[in-house]
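Residues per chain are reported as follows:
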Amino acid sequence: MQITFSSAALPKTGAIVLPLFEDGKATAAFNAVDKATDGALSRAVKAASFSAKTGKVLEIVSPGGLSNGYVFVVGAGAKKDFNSLAAQALGGAGMARVLATKEKAVVFALDGFAGGKITGGAMAAEIAHGARLRAYRFDKYRTKEEKDDKPTVGKIVVNTPAKDAKSEFASREKLGDGVFLTRDLVSEPANILYPEEFASRCKKLAELGLKVKVLGEAEMTKLGMGSLLGVGQGSVRESKLVAMEWMGAKKSDPTIALVGKGVTFDTGGISLKPPKGMEDMKWDMGGAGAVTGAMAALAGRKAKANVVGVVGLVENMPDGNAQRPGDVVTSMSGQTIEVLNTDAEGRLVLADALWWTQETYKPKTVIDLATLTGAIIISLAHEFGGMFTPDDKLAKQLNAAAEASGDKLWRMPLTKAHDDMIKSDIADMQNIGGPGAGSSTAAAFLGRFIKDGVAWAHLDIAGMAWNTKDKPVCPKGGAGFGVALLDEFVRANYE
Ligand code: BES
Ligand code: MN
Ligand code: ZN
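Residues numbered from 1 in each chain as written. Chains lettered and ligands numbered in written order. Predicted model: local features only at pLDDT ≥ 70, side-chain atom pairs only at ≥ 80, totals over all residues. Heavy atoms only, no water.

1. Points about the domain arrangement of the protein chain
Reports of interface size often rely on the accessible area that becomes lost once the parts have come together. Here is the rule we go by: Either an automatic procedure or a domain database provided the assignment from which the domain bounds are taken. When two parts are put together, the accessible area they lose, computed with a 1.4 Å probe and summed over both, is reported as buried area. What makes a salt bridge here is a side-chain nitrogen of Lys or Arg within 4 Å of a carboxyl oxygen of Asp or Glu, nothing more. For this analysis, a polar contact is any N or O atom pair within 3.5 Å, provided that within protein one partner can donate a hydrogen and the other can accept it, and provided that sequence-adjacent residues contribute only side-chain to side-chain pairs. Basically, the charged four are Asp, Glu, Lys and Arg, the nonpolar ten are Ala, Val, Leu, Ile, Met, Phe, Trp, Tyr, Cys and Pro, and anything else, Gly included, counts as polar.
Taken domain by domain, the protein chain comprises domain 1 (2-163) and domain 2 (174-494). Taking the mean C-alpha position of each, domain 1 and domain 2 sit 37 Å from one another. When domain 1 packs against domain 2, close to 1,400 Å² is buried across both sides, 60% of that on carbon and sulfur atoms. Counting across the domain 1 and domain 2 interface gives three salt bridges. Across the salt bridge formed by Asp-177 and Arg-132, the nearest N and O atoms sit 2.5 Å from each other. For the pair domain 1 and domain 2, the number of links is seven residue pairs in polar contact (both at pLDDT 80 or more). In the side of domain 1 that touches domain 2, the residues fall into seven nonpolar, four polar and three charged.

2. Points about the sheet that holds strand E16 (residues 429-430)
Which entries qualify depends on this criterion: Here, any two strands with at least 2 DSSP bridges between them count as paired. A run of H or I in DSSP becomes a helix once it reaches four residues, and a run of E becomes a strand once it reaches two; helices and strands are each numbered from the N terminus.
One open sheet holds the three strands; their spatial order is E11-E12-E16, and the pairing between them is mixed. On the outer flanks of this sheet lie strand E11 (327-330) and E16, each paired with one strand and no other. As paired strands, strand E12 (residues 336-339) and E16 are joined by two bridges and run parallel to one another. Counted as the bridge partner of Ile-337 is Met-429 from E16.

3. Points about the coordination of the manganese ion (ligand 2)
For clarity, the threshold we go by: Water is absent from the atoms considered, so a metal site may look incomplete; donors are defined as N, O and S atoms within 2.8 Å of the metal, or 3.2 Å for Na, K and Ca. In short, tetrahedral needs four donors with all angles between 85 and 135 degrees, square planar needs four and octahedral six donors with opposite donors over 155 degrees apart and all other angles between 65 and 115, and whatever is left is irregular. Note on classification: 1.4 Å probe, protein chains only; a residue is buried when its accessible area is under 20% of the maximum for its type, exposed when over 50%, partly exposed between these limits.
Bound to the manganese ion (ligand 2) are the protein donor atoms Asp-266 (OD), Asp-343 (O), Asp-343 (OD) and Glu-345 (OE), situated 2.0 to 2.2 Å from the metal. Metal-centred angles of 71 to 166° between the six donor atoms at the manganese ion (ligand 2) mark the site as irregular. Counting along the primary sequence, the residues that act as donors to the manganese ion (ligand 2) give the motif D-x76-D-x1-E. Separation of the manganese ion (ligand 2) from the zinc ion (ligand 3) amounts to 3.2 Å, with Asp-266 serving as a shared donor to the pair. A residue pair is termed long-range when its members are at least 10 positions apart, and Asp-266 in strand E9 (residues 255-266) and Glu-345 in the loop between E12 and helix H10 (346-361) qualify at 79 residues. The exposure class of Asp-266 is buried, given its relative accessible area of 3%. Among the residues examined, Glu-345 registers a relative accessible area of 1% and is labelled buried.

4. Some thoughts on the site of ligand 1
What counts, and what does not: Any residue with at least one heavy atom within 4 Å of a molecule or strand is counted as near it. In this description, accessible areas are obtained by the Shrake-Rupley approach with a 1.4 Å probe, and a residue is regarded as covered only by the protein chains that are shown.
For ligand 1, the set of nearby residues contains 17 residues, the closest of which are Lys-273, Asp-284, Asp-343, Glu-345 and Gly-374. Note that an oxygen atom of ligand 1 is positioned 3.2 Å from one of the side-chain N or O atoms of Lys-261. Asp-284 places a polar side-chain atom, nitrogen or oxygen, 2.8 Å from a nitrogen atom of ligand 1. Protein chains shield 77% of the accessible area of ligand 1, which is 520 Å² for the free molecule.

5. What about the sheet that holds strand E6 (residues 155-159)?
For clarity, the cut-off: As a rule, the C-alpha atoms of each element are fitted with a line to give its axis, helices using only the stretch in contact, and angles between N-to-C directions run from 0 to 180 degrees. Note on definitions: a residue-residue contact is assigned when non-hydrogen atoms from the two residues lie within 4.5 Å.
Reading across from one edge, E1-E6-E5-E2-E4-E3 is the order of the six strands in this open sheet, with mixed pairing throughout. Bordering the open sheet on either side are strand E1 (2-6) and strand E3 (57-61), each of which pairs with just one other strand. Across the sheet, the mean angle from the axis of one strand to that of its neighbour is 20°, orientation sign disregarded. Relative to strand E4 (residues 70-75), strand E2 (residues 15-20) is paired through five bridges, and the arrangement is parallel. Within E4, the position partnered with Leu-18 by the bridge is Val-73. On top of the sheet, helix H2 (residues 40-47) reaches E2, E3 and E4; it is set at about 135° to E3, its chief contact.

6. A short note on the packing of aromatic side chains
For clarity, the threshold we go by: Two aromatic rings from Phe, Tyr or Trp, using only the six-membered ring of Trp, form a pair when their centres are within 6.5 Å; if the ring planes differ by under 30 degrees the pair is stacked, by over 60 it is edge-to-face, and anything between is tilted.
Using the criterion set out here, one finds twelve aromatic pairs in the structure. Where Phe-138 meets Tyr-141, the ring centres are 6.0 Å apart and the plane angle is 65°; that geometry is what we call edge-to-face. Aromatic side chains Phe-489 and Tyr-494 sit 5.8 Å apart centroid to centroid with 55° between the ring planes, which places their arrangement in the tilted category. Judged by relative accessible area, Phe-489 falls into the buried class, the value being 0%.

Pasting the structure below:
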C-alpha cells in the first residue's frame, strides 16, 4: 500500500472519502466536492437524512462533474468525542467501503475537517493508519481467487493542509508493520509455522537492529528447562526459545521484558482436545506473535527504551514420546510440577521462559502475553484481554495503554486463594486447579515463577488473538492484539 499526504487539489481518480461530524457543518473539502458536482452531495445528504453517526456511510456513485468513481461521506460521530481511535476507525470504515469497489486509490479529503480531541497532522496520520490496518489481507495461499474478488486499492492519499502529517505517520507506519507481522504469524498454518520457522522469522528482525538469540533443545536441556521441554517432547519439531533485544536507551536504564507463549499448535497432547475447532490452535502462539510484532514496531521506530522480547516456542502433540498426565517435571527454577493435564501446556512453557528471562536480563518489569485459557473467553468474551497482576501501579499503566491503544484489557482477580488451588500432593505444584477460576489459577501458576521485586503482569489474550468477524481496523482473522498496547505502554512510561 502506497501512502501519501498532500495539500494539493484532490486527485481526479480514486474514491473520495469525506468525513463529516454529527453537528451537520460541512467541511471545506465537502463544499468543494459539492460545488464541483453541482450540489449532488448536499442533495444526497438531505435525501438520505444522513446522520453522520460513527460508522454510517453514504455512497454516491460517479456524480456528474467529477471524474472520480465514488464519493463516500463517512460519519465521524460527535466532534467532542473524536480521538485517535475514532480517527483510526474512520479510516477503516472508509477503506472497508473502497475495498469493495474496483478503485485503485482512496482519497481522504480532510480540508476543514478539524476534530475534538485530535486534529491536524496527527489526525490525518491516524486516519491513514486505520485505513492501512483495515486493508490487511492474508491471501498467500489463495491461488485461485477470482480476479474480480481481489481488492484493487493500492494507494491511500490523505488530502490535508497539515504539514506534519507525514512525520506524524512515520512511527504509526512502524506500528502497523509490527501489527502486520503479528497477523501474519497468527494466520500461518502450523505445518508452515513450527518453532524453528518462527525462530527464523524472528532472526530476520536483525535487519531492524534487534539482537536475536535462539536456544535449541540441547541448550535448554543444559539449563534445566524440563517444564518447557516436556511440552515439546511429543513433537518431531524441535522446541526453541528466542530472545530479541532492543537496547534503545542508556545501558543503566531499566529493562522491560515481554514474554510470549508460542505454542505453534496445541492438540492438547495426551489430554487430547476434541476435534471441533481444534484448527484454532494454530494461533496458540498469539502471545509470542504479539511480542514479536511489538519488538518489530519498537525497533522499527527506534524506541528510546530497553526492551527484550522472549518467546517460548513448542508444538504440543500426542505421541509415543509425549508427556503423560501425572508426569512430574522439574523447571529451570528448580520447582517441580505435577502435570495433571497435558493441555494446560502454555503455563509450562512460560514457567521456564519467564525464569530464564529474569535470570538473563534482570528486568524490573515483566509482562507476559498468552492465549492461556478458554476460561478467559467465558469471562470476557472477545471484548477484553484479561489482566492479572499483584502490582497496582503496573495495572494502572497497562489500563491507560489499553485505553489509548484500543487493545482493551480488564483486570481480573489473582489472590492467595488461587495460589492455594494449585497445591500438589507429590510435587511443588500441579499445572491445573479445580473446576473454578481457571484463568486465575493459571495466573497464580505463572506467579510462582516471578522473582521477588519484579513488577509483573500476565495478559490472557485467548479471546483476542483471532477475530471471527470484521472490525473497524481489522478484517476477520489474525488480530495483532497486543502490539499497539505494548508499543503504547513503552512509549508512555519509558520514553
Ligand atoms: N491454548 C489453550 C487455551 C485456548 C482455548 C486458547 C481457546 C484459545 C482458545 C490452552 O492451552 C488450554 O488448552 N487450556 C485449557 C486449560 C485447562 C486444561 C485447565 C483450557 O482452557 O481448557
Ligand atoms: Mn492447551
Ligand atoms: Zn494452549
